[in-house]
Amino acid sequence: MNISYNWLKEYLPLDLRPDEVAAALTSTGLETGSVNEVQPVRGGLKGLVIGEVLTCTAHPNSDRLHLTTVDVGSGAPLQIVCGAPNVAAGQKVIVATVGTTLYSGEEKLVIKRSKIRGVESFGMICAEDEIGLGADHSGILVLPAEAKTGTPAGAYYGLESDYVLEVDITPNRVDATSHYGLARDLAAWLTQAGRPAALRRPSVEAFRIDRPAPAVTVEVIDREACLRYSGLTLRGVSVKESPAWLKNRLQTIGLRPINNVVDITNFILHELGQPLHAFDAAKIRGNRVVVRTLPEGTKFVTLDGVERTLSGEDLMICSAEAPMCIAGVFGGLDSGVTEQTTDVFLESACFHPAWVRRTARRFGLNTDASFRFERGLDPNQTVYVLKRAALLVKELAGGEITGDIQDLYPEEVKPYPVDITYRKINTLIGQEIPAGTVKRILASLEMEIVSETAEGLSLRVPVYRTDVRREVDVIEDILRIYGYNRVEVGEQLRSTLSYRTPADHSYRLENLISEQLCGAGFHEIINNSQTRLACYDGLTMYPEATAVRLLNPLSADLNAMRRTLLFGGLQSIACNISHKNRNLRLFEFGNCYAFHAEEQKPEETRSGFRETYRLGLWMCGRRIENSWAHADEEVSVYELKACVQHVLTRLGIDLRKTSEHMISDEVYASGLRLESASGQLLGTLGIINRKLLKGMDIDEEVCYAELSWHTLMKEIRNTGVVFSEIANYPEVKRDLALLLDRDVLFRSVEKTAFESEHKLLKRVELFDVYEGAHLPPDKKSYAVSFYLQDESRTLTDRQIDRVMQKIRAALEQKLGARLR
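Computed from a predicted structure; not experimentally measured.

Caption draft 1: Representation of the overall build of the chain. Along its length, the chain carries 19 helices and 42 strands. Reported as C-alpha extents along the three principal axes, the dimensions of the chain are approximately 125 × 80 × 70 Å. The buried share of the chain, taken over its 820 residues, is 47%. Across the chain, contacts joining residues at least 24 apart in sequence account for 70% of those joining residues at least 6 apart.

Next comes the structure, spelled out in structure tokens:
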């Protein structure tokens, strides 16, 4: 939020420099990112002074130029060559001395000592367009005779540089979203710093009803959504351009002036933090304002000319016949104030934050008004702000205040009672703060002390402090004004002994696997856990009923929590491919969410919801490209499978105790389901279905694996690292060429071999697969190596043959294998 330093000083007399104000705000928790000087005229008229033309004669070498001597109040008069037709002796003029920089758009002109037609010139007598004070270039700018020679031009015109402070407002500090709100915080800080300053609140004592004639009336139907609605009618106003001071205030903080009435509403928004809306009273049909919702599907054209479809939960400001404004969010196209407006109805209201937030998100609108309403405003200030606005309208646009203020406030919001104890204050802050200091800070924060005991205080917290409800909130406020940097660090170090929890173990292994994957050429990605529900349309694996929907989504594309990591990774792949980066290896750790209605219990709010932590891996493109030593090679699902097996092995899972099952569904064109010995799902991997890829605008083949991290952590809960000596006796390798049915997996061959010989058989490796000529169409050939070893002695040929015969028999019996 942009804050004007000069504007701020209207409410609090400051002797602090702008950078000191920024430091003070930051110390109170309102971080100020930058301080930028803003000049009303570019260059600030620096180097320009008022001079008196002493003599003016014709230039000896030109018919149009004049040779002048000008007194600028500093030493000898300057000789200046001037081409203006209206220059004459005795005039008071603006002089740009040597070294002055003048600006024209983006161009700069530095005044130098020069020769013009053979005569030296030591400056320039300026026209108003040359110094940014107007557009006239017909002649030089001639000042009144009483202008004092030697006066800097900036001082003569009363130009004062302003400074814009860029303040980052945290979501809980809606009370600080205005110049007066920040002045209030600064006043508290100055009081604590021993430099008390009087806070000046704009007075509305001059407010009077000019005519008791009937005014626009107000009716609030949806009282839950509208906490308070105040309105006032002014008749006979003159809508025109705003005065210079008002335009300067708005332009300094980056707002565009529109007209005097609209500019007043924007001015007060940034002055007091209360949004206002001005309606053309002539366009309020039936002379009545109705605050209500409208039927689902109602069409409404907003101020930007966009037709929007309303829902039944959008609060609207309506006339007796038609909608005029989306409450707290955006005005309508046909009800605003224009230069033809003569009667104005001013609205000052307090709408429910949740209603405004839902509507603003639904339409993708983020306005200055919605920003404040969404955070909760003080309903007790609507009438005061309305009076302030009415007085400004009368001052700048004329007119009469007609009829009484329309004020509907069914349930008054009272100050919040909070009890605090000195012991709690000192315990949380970690330092004893004197009771007098605590009470002085509370008074400066406008927190009323209702009663006091030796142990603590009973307070009433102002309604505008919507973030202060508990004792700890008050203590936080005390500390930020007292000063975080004033809390001393003691000489004693206090620590709490802790032990490693399962979460710590999981986190350590997560980092370990991340390093392993990065070493294998993967890049870690982090995607939003909110996703588009439409991604799961038609997927029976992820039924719509199990989706965790967001009640208040940020946008239509982020309206549900993700069920799987898959689609976030595919979006990352699509983005990379569009930027010509197609060779990708990506991984992500993240939570996935699901809702199961059958598990929901009425007494437990969170029952029925599941949150699972998963690891996703994606591969696409080429594993080798543009290599002089190797032909280009596409990635393979088998490479992904190897990566998954390396992850499982690194975690300590015995692959021989896991099982694999072929799958082919709406997600995987071809894939595997990995299960533990107990039948728990460890994860899935495979080649993504082309239909899904097409929906994400991906033409590449993508291989994907998703592992259940929680299940993996349970599987290795009791797994320990076992060391054994290196065997002293050699291992023996025997190869078999097996003829098998095409649907038999190598994992089945491996599992059957180990079941038949678990003592001497150490590992089984597949080194060739053949399908084609000389084989039956439903058969394939596996070339498999079997490695045997005895740690206690060298194996004999008889032992080896006996083991291999046993393995062959098991393969023939269980898998129907035959030797080729």
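Caption draft 2: Molecular detail of unusual backbone geometry. Of note, the phi angle at Arg-117 is positive, near 55°, even though the residue is not glycine. For Arg-117, the position within the fold is in the loop between β9 (114-116) and β10 (119-121). A relative accessible area of 52% means that Arg-117 is categorised as exposed. The phi dihedral of Asp-697 is positive, around 60°, even though this residue is not glycine. Relative to the assigned elements, Asp-697 resides in the loop between α16 (690-695) and β38 (702-708).

Caption draft 3: Representation of the pattern of salt bridges. Scanning all chains against the criterion turns up 56 salt bridges. Between Asp-632 and Arg-622 there is a salt bridge, and its shortest N-O distance comes to 3.0 Å. In this pair, Asp-632 sits in the loop between β33 (622-624) and β34 (633-634) while Arg-622 sits in strand β33, placing the two residues 10 residues apart along the sequence. On the basis of relative accessible area, Asp-632 is assigned to the partly exposed category, the value being 40%.

Caption draft 4: Examining the nonpolar core more closely. Grouped together as the largest cluster of nonpolar side chains are 54 residues, with contacts concentrated most on Leu-14, Val-21 and Ile-268. Of the residues forming this core, the biggest block, nine residues, is contributed by helix α9 (residues 382-397). Of all hydrophobic cores here, the second largest spans 35 residues; its members include Val-289, Leu-294, Leu-310 and Met-324.

Caption draft 5: Quick look at the sheet that holds strand β16 (residues 276-280). With antiparallel pairing, four strands are arranged side by side in an open sheet as β16-β23-β15-β24. Because the sheet does not close on itself, it has two edges, and the strands there are β16 and β24 (400-408). Direction aside, neighbouring strands of the sheet carry axes that sit 20° apart on average. Bridge count between strand β15 (residues 226-235) and β24: six bridges; the pairing is antiparallel. Looking across to β24, one finds that Tyr-229 is bridged to Leu-408.

Basis of the calculations
Residues numbered from 1 in each chain as written. Predicted model: local features only at pLDDT ≥ 70, side-chain atom pairs only at ≥ 80, totals over all residues. Heavy atoms only, no water. Helix = DSSP H or I, 4+ residues; strand = E, 2+ residues; numbered from the N terminus. Buried < 20%, exposed > 50% of the residue type's maximum accessible area, 1.4 Å probe, protein only. Contact = heavy atoms within 4.5 Å. Salt bridge = Lys/Arg side-chain N within 4 Å of Asp/Glu carboxyl O. Core = buried A, V, L, I, M, F, W, Y, C linked by side-chain atoms within 4.5 Å. Pairing = 2+ DSSP bridges. Axes fitted to C-alpha atoms, helices over the stretch in contact; angles between N-to-C directions.

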